[in-house]
Amino acid sequence: MRILISADMEGATGVTWTADVVAQTEQWQRFRRLFTDDVNACVAGLAAGGATAVLVNEAHSAQRNLLLEDLDPRARLLTGRHKPLSMMQGVDSGIDGAVFLGYHAGAGEEGVLAHTYLENSVTGVWLDGVPASEGRLNAALAAEHGVPVLLVTGDDRTCADAADYAPGARTVAVKECVSRYAAVCAPPQVTGAMIRTAAEEAMNRAGRVPGNVTGHRVEVEFDATHLAAAAAVVPTVEQLGPRRVGFEAASMTLAMQAFKVVTAIAAAAVEGIYG
Ligand SMILES: [Zn+2]
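In this text the structure is predicted, and so the values were computed from the model without any measurement. (Residues numbered from 1 in each chain as written. Predicted model: local features only at pLDDT ≥ 70, side-chain atom pairs only at ≥ 80, totals over all residues. Heavy atoms only, no water.)

1. With respect to the overall build of the chain
In plain terms, the rule: Strands here mean DSSP runs of E at least two residues long; helices mean DSSP runs of H or I at least four residues long; both are numbered from the N terminus. It is over C-alpha atoms that the radius of gyration is taken, and the globule rule equals 2.2 Å times the number of residues to the power 0.38. Under the scheme applied here, a residue whose accessible area is under 20% of the maximum for its type counts as buried, over 50% as exposed, and between as partly exposed, the area being computed with a 1.4 Å probe on protein chains only. Here, residues are in contact when the closest pair of their heavy atoms is within 4.5 Å. Here the accessible surface of atoms and residues is derived via Shrake-Rupley with a 1.4 Å probe, and residues count as covered only by protein chains that are part of the display. Charge counting follows a simple rule: Lys and Arg are positive, Asp and Glu are negative, and His as well as the terminal groups are ignored. In this description, the location of a charge corresponds to atom NZ of lysine, CZ of arginine, CG of aspartate or CD of glutamate.
Each helix and strand counted, the chain has 6 helices and 12 strands in total. What you see for the chain is a C-alpha radius of gyration of 18 Å, in line with the 19 Å of a compact globule of 275 residues. Across its three principal axes, the chain shows a C-alpha extent of roughly 50 × 45 × 30 Å. Buried positions account for 56% of the 275 residues belonging to the chain. Within the chain, contacts between residues separated by at least 24 positions form 68% of all contacts whose residues are at least 6 apart in sequence. Surface accessibility of the chain: about 11,400 Å² in total, with carbon and sulfur atoms responsible for 54%. If the 21 positive side-chain charges of the chain are averaged to one point and the 31 negative ones to another, these points end up 4 Å apart.

2. Points about helix α1 (residues 26-48)
To be explicit about the condition: Multiply 1.5 Å by the residue count of a helix minus one, and that product is the helix's expected span.
Over its 23 residues, α1 runs 34 Å from end to end, which matches the ideal 33 Å to within 8%, given 1.5 Å per residue. Within two residues after α1, G50 carries a phi angle of roughly 115 degrees, on the positive side.

3. Structural notes on the nonpolar core
It is characteristic of soluble globular proteins that their nonpolar side chains tend to be buried jointly. To keep it simple, the criterion reads: Here the nonpolar core consists of buried residues drawn from Ala, Val, Leu, Ile, Met, Phe, Trp, Tyr and Cys, with membership extended through side-chain atoms lying within 4.5 Å. The split of the chain into domains comes from an automatic or database domain assignment.
With 50 residues, the main nonpolar core has V91, F100, F222 and F259 as its most contacted residues. Per element, the largest residue contribution to this core is 8 residues, and it comes from helix α6 (residues 252-269). Counting the residues that make up this core, at least three belong to each of domain 1 (2-114 + 134-205) and domain 2 (216-269). Those residues in contact with V91, other than ones at most four positions away along the chain, are L4, L85, L141, A142, H145 and V147.

The structure is reproduced here in structure tokens:
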């Protein structure tokens, strides 16, 4: 059984603050270790549950956060950015299950460091009319490839979100959200044991199912009008309102590629103080 771990950082043990996840800060150096501990706990659980190969795909920011030198030797690390399937690179390689580790709630929702791709500029994303976190988008991509989501970790809001988009998945809340920048956190000794146990048990659901390629509609709302106008320049993307764009795609893979272009162009259009 081959498993993919898509590893984001905002939902890692103890993370509650911008500096915790921004490269080169002292806090980031500290939380890289806790983030790596979460991953290792997951790898240990997956291996105990029967995984024979685990690929860890870095999914946060520049995607160079995990400490390779401390990684469980049973795993391999895909580190660095510019990957066609981004947070889900590797989902198309015949894997038997996916883990969303360190995930977070979506833009406009309550949750620690909640956002969808762009931290402030994107205020909401809808997939086929449903408010969509990164987890929901990535679960749809996994489903297209016949890959079950086995386990989702993050704050309690992330777990509630996952219960809706991947009802068969195990969830582990490593912290309880108090606000976007505050949480009641369990220490790594506790969260590590929780993640390890859940990962082992989640392997019960590993195994490919038939993939389901269908068309999808995505809408994205921004915090400023010029970002929607910039995104609407992308072919197939239509401006639906002053701050909202939408597009249709023939598959979830194509939808995610278009979404990536939309967010990249919007990010490039952000100006200093006025955003
Ligand atoms: Zn994220």
